[in-house]
Amino acid sequence: MSNPHDAKDEESTLSPQFHGSDTEKPEDGNAPPLTPEEFAPPDGGFKAWSTVLGATLVSLSTFGFVNGFGAFSDYYNETYLTNYSATLISMIGALQVFLLYILAGFSGAVFDAIGPRFLMPFSGVIVVFSIFMLSLTKPQQIWQQFLAQGVLFNLGASFGQIFPCLAVVSHWFRRKNAYAIGCVASGASVGGIIFPIMIHRLIPQIGFGWTIRVIGFIALFCYSIGVLTIHARRPTKPLPPLTQLLDFGAFKHPTYTLLAIGSWISIFAILNPFFYVGLYGTVAFGQSNLTSYYLAILCATSIVGRVGPGLIGDRLGRYNVICVGTCISSVLVLAVWYTSSTEGSLVAFAALYGFTSGPFFSLLPSCVAQISPIEKVGARIGMMYATMSSGAFAGTPIGGVFIKTKTLDNFHDLILFSGIVGLAGSFFLFLARFSLERRVFVKI
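Bear in mind the structure is a predicted one, so any value in this text is a computation, not a measurement. (Residues numbered from 1 in each chain as written. Predicted model: local features only at pLDDT ≥ 70, side-chain atom pairs only at ≥ 80, totals over all residues. Heavy atoms only, no water.)

Novice: In this structure, what is going on with the overall build of the protein chain? I would like to understand it.
Specialist: Secondary structure summary: the protein chain contains 15 helices and 0 strands in total. The proportion of buried residues among the 444 residues of the protein chain is 60%. Carbon together with sulfur atoms contributes 68% to the accessible area of the protein chain, which is approximately 16,500 Å² in total. (Helix = DSSP H or I, 4+ residues; strand = E, 2+ residues; numbered from the N terminus. Buried < 20%, exposed > 50% of the residue type's maximum accessible area, 1.4 Å probe, protein only. Areas by Shrake-Rupley, 256 points an atom, 1.4 Å probe, with all protein chains shown as cover.)

As structure tokens, this is what we get:
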């Protein structure tokens, strides 16, 4: 793929004048102001990669916990919350993603203002406390799961997972930004592997309460490392007025608007396999040794799907990779999941879908950063996730409506919905890509 000199500026198409005009004042008022070159991303070094390590561990304990909701959903549907419908149970997980995304719009601007130093401990205390509160919830009392798992956990995680974990990496990396963010996003996939397996294996041995407490101790360990290893790159600045926390000005740029529309539509469908693939396996093939591993397999291949495309995206273009990956994942839903007639074919779908859906999660922040001035990266990534929040909140509960009665035919309706909506989202992602460059074989 060529990368001609007249292609769009990969670092800041929204604000090309930034690189030479702005200055920022350091915390010490007596020191001379810093120029953009002095806090430009170094693309490496001990602090840069230690930040990636800490951010990955925090991602494991926050979004990894959310990624593992499919295992919670299976347990709630079959044992713990049998008095409630699959739609209502799925809303716990949908509320998790909704709050993570909607609060990102505010936490992003807060991160731009004060950095990770205070956000990380604040986030960790709330996340760990909420997990231990979840361990105390009772069966058939779904309001307790909503409060602890759906609300409190995500009030804390929104100030730790999306920010500073993703935005702070963009301050340390430019050329390798997609790869670094892919590493952080892979932490969520690792969590999506270990937490479902823990739930299926430990609950029969030590019970629900102590299984959740073990997860809480893991989160405590991850946050402790994160607080020590995540470093701020840029100086702090005053907190903006409430009216400026969300950067609505980003929507003046057509690429950003098209990217937001495509992401909003895609999030309606892209999480459904994460929530329902295990339950589908139970309905289609009954309980087996593979039942507890469908989600783990999906998340395992998602590690490669989040890190690998980061490397490829830095070479071939982030927009190219996210568009193709999201489109292929939607095709797989229709071509493989819909036609799965054996456990082997469902395993194949889980493995392939985890890989092809990965770029959507790992490259989206990089795509936003690519068309944003560096001083607004946090606010604009936050604005993107806030825009996606309503789609995240509605998508999986709508999917749950299809399987109010858990039959194979109803699951097929869910799968058709997921595949068609996913293709519609991919269409707008392609429009965003071609709004930057109409030629096909160009790095964008």
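Novice: Honestly, helix 11 (residues 294–316) in this entry has me stumped. Any pointers?
Specialist: Given 3.6 residues to a turn, an α-helix orients residues that are three or four positions apart in the same direction. Look at helix 11: 31 Å from first C-alpha to last across 23 residues, which is about the 33 Å you get at 1.5 Å a residue. Positive phi appears at G317, one or two residues downstream of helix 11, with a value of about 115°. (Expected span 1.5 Å × (residues − 1).)

Novice: Please explain the environment of P42 as it appears in this structure.
Specialist: Locating P42 in the fold gives a position in the segment before helix 1 (46–61). Residue classification places P42 among the partly exposed residues on the basis of a relative accessible area of 39%. P42 sits 133 residues away from R175 along the chain, and the two C-alpha atoms are 9.2 Å apart. Ignoring anything within four residues of it in the chain, the contact list for P42 reads H171, W172 and R233. (Contact = heavy atoms within 4.5 Å.)

Novice: Help me understand the side chain of S330, please; the structure alone is not making it clear to me.
Specialist: With respect to the element layout, S330 can be found in helix 12 (residues 318–337). With a relative accessible area of 5%, S330 lands in the buried category. Apart from the residues within four sequence positions on either side, S330 is in contact with G419, G422, L423 and S426.

Novice: What should I look at first to understand unusual backbone geometry in this one?
Specialist: Glycine aside, negative phi is the norm for most residues, and most peptide bonds take the trans geometry. Even without being a glycine, Q140 presents a positive backbone phi close to 60°. For Q140, the position within the fold is in the loop between helix 5 (116–134) and helix 6 (142–157).

Novice: Sorry, what's going on with the environment of N410 here?
Specialist: The residue N410 is located in helix 15 (residues 408–436) in this model. On a C-alpha basis, the gap between N410 and G400 in space is 9.8 Å, while along the polypeptide they are 10 residues apart. With residues near it in sequence (within four places) discarded, N410 still touches F402, I403 and T405. In terms of polar contacts, N410 uses its side chain to reach the backbone carbonyl oxygen of T405, at 2.6 Å. (Polar contact = N/O pair within 3.5 Å; in protein donor to acceptor, adjacent residues only side chain to side chain.)

Novice: What exactly am I supposed to notice about the confidence of the model for the protein chain here?
Specialist: As a note on interpretation, predicted positions should not be read in detail where pLDDT is low. On average, residues of the protein chain carry a pLDDT of 83, and 87% of them reach 70 or more. Here residues 1–31 is a poorly scored stretch, pLDDT under 50, and it has 65 contacts once near neighbours within four places are set aside; other chains count. (pLDDT = per-residue confidence, 0-100.)

Novice: What is the right way to look at the nonpolar core in this model?
Specialist: Generally speaking, soluble globular proteins have nonpolar side chains that are buried together. Of all hydrophobic cores here, the largest spans 118 residues; its most connected members are F72, Y76, Y101, V169, F208, L259 and F274. By residue number, the principal contributor to this core is helix 8 (residues 177–229), which donates 17 residues. Judged by nonpolar contacts, the second largest core, of 5 residues, contains I265, F268, A269 and V421. (Core = buried A, V, L, I, M, F, W, Y, C linked by side-chain atoms within 4.5 Å.)

Novice: Mind showing me how you'd approach the packing of helix 12 against helix 13 (residues 343–370) here?
Specialist: Each pair of packed helices gets described by two things: the angle between the helix axes and the distance between those axes. Running from amino to carboxyl end, helix 12 crosses helix 13 at an angle of 155°, the nearest separation of the two axes being 8 Å. Here helix 12 lies roughly antiparallel to helix 13, going by the angle between them. Where helix 12 crosses over helix 13, the two elements pack in a sense that is left-handed. Of the residues assigned to the contact of helix 12 with helix 13, the class counts are 17 nonpolar, 8 polar and 1 charged. (Axes fitted to C-alpha atoms, helices over the stretch in contact; angles between N-to-C directions. Parallel < 35°, antiparallel > 145°, perpendicular 65-115°, else oblique. Left-handed = near helix turned anticlockwise from the far one by under 90°. Nonpolar A, V, L, I, M, F, W, Y, C, P; charged D, E, K, R; others polar.)

Novice: Is there a simple way to think about the packing of aromatic side chains in this case?
Specialist: Going through the model one piece at a time under the given rule, you end up with 29 aromatic pairs. On the numbers, 4.7 Å between centres and 35° between planes, the contact of F65 with F153 is tilted. Of the two residues, F65 is situated in helix 2 (residues 63–67) and F153 in helix 6; the sequence distance between them amounts to 88 residues. Classification of F65 as buried rests on a relative accessible area of 1%. A ring pair is formed by F349 and Y353, whose centres lie 5.3 Å apart and whose planes are at 35°; its orientation type is tilted. Separated by 4 residues within a single helix, F349 and Y353 lie in helix 13, roughly one turn from each other. Of the residues examined, F349 reaches a relative accessible area of 0% and is grouped as buried. Residue classification places Y353 among the buried residues on the basis of a relative accessible area of 2%. Three or more aromatic residues joined by ring pairs form one cluster here, namely F65, F69, F72, Y75, Y76, Y80, F153, F195, F208, F275 and Y276. For the cation-ring pair, R213 lies above W210, with the distance from its terminal atom to the ring centre recorded as 4.8 Å. (Phe/Tyr/Trp six-rings, centres within 6.5 Å; stacked < 30°, edge-to-face > 60°. Lys NZ or Arg CZ within 6 Å of the ring centre and 35° of its normal.)

Novice: Sorry if this is basic, but what is going on with a nonpolar patch on the surface here?
Specialist: A contiguous nonpolar patch, built from I206, W210, F217 and L220 and spanning about 410 Å² of accessible area, is present on the exposed surface. Judged by its relative accessible area of 47%, F217 is partly exposed. (Patch = residues over 30% accessible without salt bridge, like charges linked within 9 Å, V, L, I, M, F, W, Y side chains within 5 Å. Salt bridge = Lys/Arg side-chain N within 4 Å of Asp/Glu carboxyl O.)

Novice: Quick question: what am I supposed to make of the side chain of S340 here?
Specialist: By the secondary structure assignment, S340 is in the loop between helix 12 and helix 13. By relative accessible area, which is 8% here, S340 ends up buried. Side-chain polar atoms of S340 contact the backbone oxygen of V336, separated by 2.8 Å. Aside from chain neighbours lying at most four places away, what touches S340 is Y280, F285, S345 and L346.

Novice: Help me out: how do you make sense of the pattern of salt bridges in this one?
Specialist: When the charged atoms of two side chains with opposite charge come close together, those side chains can pair. Applying the stated criterion across every chain yields a total of 1 salt bridge. Among the ionic pairs, R439 bridges to E437, the shortest N-O distance being 3.0 Å.

Novice: How should I be thinking about helix 10 (residues 272–285) in this particular structure?
Specialist: Compared with an ideal rise of 1.5 Å per residue, which puts 14 residues at 20 Å, helix 10 spans 19 Å between its outermost C-alpha atoms and is within 8% of the ideal. Of all the bends in helix 10, the largest measures some 30° and sits at G278. Within helix 10, 11 of the 14 residues are buried, which leaves the element mostly enclosed by the surrounding structure. For helix 10, the complete set of buried residues consists of N272, P273, F274, F275, Y276, V277, G278, L279, Y280, G281 and T282. In the stretch just after helix 10, G286 is the one whose phi turns positive, near 80°. (Bend = angle between axes of the 7 residues up to and from the residue.)

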